[in-house]
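Coordinate analysis (summary)
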Amino acid sequence: MVDTEIYTIEGPNGDVESIELPEGLVDVFAEQGEEPTNVVGDLVVQAFAQQAHVVVHHSEGETAADLSELNEEMETIFEERFGVPLSEAMGHSH
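The structure displayed is predicted, hence computed values, not measured ones.

1. Quick word on the pattern of salt bridges
Counted by the stated rule, this structure contains 1 salt bridge. With a closest N to O distance of 2.5 Å, Arg 81 and Asp 42 form a salt bridge. On the criterion of sequence distance, the pair formed by Arg 81 in helix H3 (residues 65-82) and Asp 42 in helix H2 (residues 36-57) is long-range, its members being 39 residues apart. Classification of Arg 81 by relative accessible area gives partly exposed; the value is 41%.

2. Some thoughts on a nonpolar patch on the surface
Residues Ile 9, Ile 19, Val 44 and Phe 48 make up a contiguous nonpolar surface patch of roughly 330 Å² in combined accessible area. When you line up the elements, Val 44 lands in helix H2. Taking relative accessible area as the criterion, Val 44 reaches 34% and is therefore assigned partly exposed.

3. Points about a negative patch on the surface
On the surface, Glu 73, Glu 79, Glu 80 and Glu 88 cluster together into a patch of negative charge. With 3 residues, the single largest contributor to the negative patch is H3. Looking at where Glu 79 falls in the secondary structure, it is placed in helix H3. Classification of Glu 79 as partly exposed rests on a relative accessible area of 39%.

4. Considering the environment of Glu 34
Relative to the helices and strands, Glu 34 resides in the loop between helix H1 (25-28) and H2. Note on Glu 34: relative accessible area 24%, which makes it partly exposed. Sequence-distant contacts of Glu 34, defined by excluding residues within four places in its chain, comprise Phe 29, Val 39 and Asp 42.

5. Considerations on the side chain of Asn 71
For Asn 71, the location among the structural elements is in helix H3. You can call Asn 71 buried: its relative accessible area is 3%.

Conventions we followed
Residues numbered from 1 in each chain as written. Predicted model: local features only at pLDDT ≥ 70, side-chain atom pairs only at ≥ 80, totals over all residues. Heavy atoms only, no water. Salt bridge = Lys/Arg side-chain N within 4 Å of Asp/Glu carboxyl O. Helix = DSSP H or I, 4+ residues; strand = E, 2+ residues; numbered from the N terminus. Buried < 20%, exposed > 50% of the residue type's maximum accessible area, 1.4 Å probe, protein only. Patch = residues over 30% accessible without salt bridge, like charges linked within 9 Å, V, L, I, M, F, W, Y side chains within 5 Å. Areas by Shrake-Rupley, 256 points an atom, 1.4 Å probe, with all protein chains shown as cover. Lys, Arg positive; Asp, Glu negative; His and termini not counted. Charge placed at Lys NZ, Arg CZ, Asp CG, Glu CD. Contact = heavy atoms within 4.5 Å.

Below, the structure is given as structure tokens:
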């Protein structure tokens, strides 16, 4: 059995969520010398950017303007963090 490790996310209102991951999994995605918490943060940003993209660009029906705005801001956050536009990272754009 593989040991696990806990990462904690704190929300703006002080609510806290603990995330349990298999020990060593974060290291699989880390570059040499990169802090594990940065890797987890990167994956959170990537996941939210991808999910926002899916909701806005790949859902059926009309997309609400506020969702489009949230997606645009998430794309900006992604590019600021990774230095590359989300469309380039994903290999397609709309």
